[in-house]
Amino acid sequence: MKKMLAFALLTVVGLLFFTACGDGGTATNPSTNPPAAATSPVAQPNPAPAAAPAPAAPAPATTTPITGPIDVISRESGSGTRDAFVDILGILEGGVDRTYIEAVIQTGTGAVITAVAGNLYSIGYISLGALRDDVRAMPINGVAPSAANVQAGTYPLFRTFYLAVPRNLESLAQDFLDFILSAEGQAIVSGRNYIAVGDNLAPFTGGGLTGTLEITGSTSIAPLMELLAVAYMEINDDARIEVHSSGSGAGITDAIEGRAAFGMVSRELRPTELESVDAVAMAYDGLAVIVHNDNPIPSLTTEQVRDIFMGELSRWGDTQ
Amino acid sequence: MRYGRMRKHGLEFSMKIVFAVCACMSIVAISLIAIFLLAGGLPAIHEIGIVEFFLGQRWAPGDRYPAVPDFGVLPMIVGSIYITLGALVIGVPIGLFTAIYLAYMCPRRIYVFIKPVINLLAGIPSVVYGFFGMVVLVPIIRPFAREITGGGTGESILAASILLGIMILPVVIGISESAIRAVPESYLEGALALGASKTRSVFCVIVPAAKSGILAAVVLGVGRAVGETMAVNMVAGNQARMPTHLLRGARSLTANIVMEMPYAYGLHRDALTASGVVLLLFILIINMLFVFFVRKGR
């Protein structure tokens with residue numbers, strides 16, 4: 001009886017505590033729950049297809065200027081997203097990753113989104129395909145990040161998704177590779193906010209093979225690869241394809257050492273790696289620089305983004 | 001008759017073996033873990049260089065040709081130590097006072113309420129603590145961090161220390177309470193008879209008498225704090241550089257391993273295993289201290 005009473009009391013206290021804390025949280029950061037009007041993001045993940053050099057999108061409805069220190073959020077070393085980001089922006093200088101040493105390190109795309117969505121002053125980067133409404137994707141050089149703009153060549157931040165393919169492929173692996181690069185496979189790619197590697201591709205003609213394939217590598221590519229695998233297994237139901245996400249580096253090692261049919265790699269392959277495997281481009285992926293929904297800065301230049309992530313530009317007030 | 005006795009004997013003997021094997025299980029487990037860590041870690045430490053590994057201040061596994069990656073683990077060692085010290089500063093006084101209250105001042109009716117709550121605290125998964133820290137502590141600390149250090153997200157040594165301070169409470173309270181209760185009643189009676197107030201008797205007679213048990217509680221709390229991974233990872237900011245400020249982030253040894261292990265391969269992976277060796281050393285030292293204090297108490 002007493003135990004039950006104690007438990008009931010505890011629950012009540014706990015609930016009170018949580019609601020109180022929730023209030024406290026919003027009080028310290030009044031912008032976490034802005035009115036609906038203010039949340040309209042500048043860059044829709046999927047704007048109208050005809051978006052060649054898009055004009056600088058209008059700033060959100062909030063008028064409060066943002067001036068204070070920038071909170072830089074990056075990914076852990078070894079992440080393909082970070083490797084690609086530092087590569088494209090030139091943060092990697094002579095092989096040295098010069099990412100701002102004070103940058104908070106979050107593990108995984110979801111963690112970066114959560115961190116940015118909860119902090120008005122923060123800036124981070126994620127795969128364009130993973131973009132969600134709770135953060136705003138910053139236009140770069142006035143161009144909104146979207147698959148169409150990457151394809152048009154106006155949005156500068158994108159990377160290639162590679163497959164690390166061993167030299168002598170078994171027939172099932174070759175067949176699946178053909179499927180990925182066929183019209184059907186690339187339709188799945190572009191249907192998911194990624195960019196196909198080509199258009200007017202030949203339709204898939206293979207199939208009829210049995211066996212099991214193991215595909216390992218980049219966590220960024222794995223969700224897309226899962227979709228491709230499911231679609232392939234529908235056409236070819238005697239084949240089984242297992243996708244494991246273990247990171248780009250591990251994917252390459254697995255492909256080289258024969259533990260996987262091919263490795264998924266979301267960064268450029270290094271010369272030493274290309275001695276043992278071929279790199280086959282399977283899709284392009286934009287990289288979105290994300291900020292809080294209430295961040296009023298309309299656009300950043302590539303140089304500004306680089307300087308921010310190298311710690312040389314450290315205040316929001318200096319970005320305009 | 002004889003046959004039956006033999007069968008009984010045989011059963012007795014075989015059960016004895018079964019129990020002995022079970023008893024050896026933890027020894028086998030710890031040996032396997034130690035062998036695995038040392039086999040992976042020691043060659044890596046050798047390859048990186050003992051001085052470069054333990055005293056290197058730059059952890060940059062992502063550097064690549066023409067640069068050479070650096071694997072200096074000192075920032076993480078210092079980060080772990082700072083976060084743990086912070087946790088002790090917060091957790092030990094609260095835990096000790098709670099234990100004293102529970103053992104000497106607490107009415108029975110309140111005791112049956114507080115004790116289960118403390119035990120419940122021990123049962124909350126660390127990822128839940130981490131989430132609490134992320135949505136509550138970090139936003140509270142953020143404005144102070146920005147005001148005082150000119151930046152920072154609030155993910156900081158302070159946030160990690162507060163969280164760990166709460167997490168070590170059940171250990172500190174549990175062990176120091178039983179240490180305090182083990183002090184003979186006559187000590188308290190003697191002190192009271194000499195005219196000391198109850199508080200004075202407890203603090204000047206009972207607590208010193210229970211000293212070694214309380215120290216053991218603290219040491220075990222340190223063990224918990226050093227080994228905690230998820231909660232620290234979620235609120236500490238994880239910058240791989242020497243800690244600069246209480247309100248700025250740091251990376252602990254455990255967070256370093258859990259963050260980078262999924263993507264690591266080659267020397268990077270072995271270097272992470274080697275940081276596991278460092279952790280193992282930490283825990284060994286802590287446990288030896290614990291045994292030392294417990295023995296001293298007897």
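Quick caveat, the model's predicted, so the values are computed rather than measured.

Rules used in this analysis
- Residues numbered from 1 in each chain as written.
- Chains lettered and ligands numbered in written order.
- Predicted model: local features only at pLDDT ≥ 70, side-chain atom pairs only at ≥ 80, totals over all residues.
- Heavy atoms only, no water.
- Contact = heavy atoms within 4.5 Å.
- Buried area = accessible area lost by both parts, 1.4 Å probe.
- Salt bridge = Lys/Arg side-chain N within 4 Å of Asp/Glu carboxyl O.
- Polar contact = N/O pair within 3.5 Å; in protein donor to acceptor, adjacent residues only side chain to side chain.
- Helix = DSSP H or I, 4+ residues; strand = E, 2+ residues; numbered from the N terminus.
- Nonpolar A, V, L, I, M, F, W, Y, C, P; charged D, E, K, R; others polar.
- Buried < 20%, exposed > 50% of the residue type's maximum accessible area, 1.4 Å probe, protein only.

Enquirer: Explain the interface of chain A and chain B to me, using residue names and the numbers behind them.
Expert: Taken residue by residue, the interface counts 45 residues in chain A and 40 residues in chain B. Together chain A and chain B conceal approximately 3400 Å² of surface at their shared face, both sides included; 57% is due to carbon and sulfur atoms. Of all residues in chain A, the largest losses of buried area upon contact with chain B belong to A:Ser77, A:Glu102 and A:Ile105, amounting jointly to 15% of the total for that side. Run the count over chain A and chain B and you get three salt bridges. For the salt bridge of B:Arg146 with A:Asp71, the shortest nitrogen-to-oxygen distance reads 3.1 Å. Here chain A and chain B share eleven residue pairs in polar contact (both at pLDDT 80 or more) between them. Contributions of two or more residues to the side of chain A that touches chain B are made by α1 (2-28), β1 (71-75), α3 (80-89), β3 (96-97), β4 (104-106) and α9 (248-257) of chain A. Considering each element in turn, the side of chain A that touches chain B owes the most residues, eight residues, to α1(A). When the residues that make up the side of chain A that touches chain B are grouped by side-chain class, the tally is 15 nonpolar, 19 polar and eleven charged.

Enquirer: Break down unusual backbone geometry for me, with residues and values.
Expert: One non-glycine residue, A:Asn141, adopts positive backbone phi at about 55°. Secondary-structure assignment places A:Asn141 in the loop between β6 (135-137) and α5 (147-152). Positive phi values are uncommon outside glycine, yet B:Asn238 reaches one of about 65°. Along the polypeptide, B:Asn238 turns up in the loop between α11 (230-235) and α12 (253-260). The buried category is assigned to B:Asn238, whose relative accessible area is 1%.

Enquirer: Report on helix α11 (residues 302-310) of chain A, specifying residues and quantitative values.
Expert: Residue and element names in this part refer to chain A. Within the span of α11, buried status applies to Thr302, Gln304, Val305, Ile308, Phe309 and Met310. Against the buried residues of α11 lie β1, α3, β2 (92-93), β5 (122-127) and β11 (277-292). In the stretch just after α11, Gly311 is the one whose phi turns positive, near 80°.

Enquirer: Describe the pattern of salt bridges, with residues and values.
Expert: Under the definition given, this model contains 22 salt bridges over all chains. A:Arg240 is the partner of A:Glu242 in a salt bridge, and the nearest nitrogen-oxygen pair spans 2.9 Å. Taking the relative accessible area as the measure of exposure, A:Arg240 reaches 44% and is therefore partly exposed. A salt bridge links B:Arg224 to B:Glu228; the shortest N-O distance between them is 4.0 Å. Within this structure, A:Asp83, A:Arg267, A:Arg270 and A:Glu273 form a network of salt bridges that share partners.

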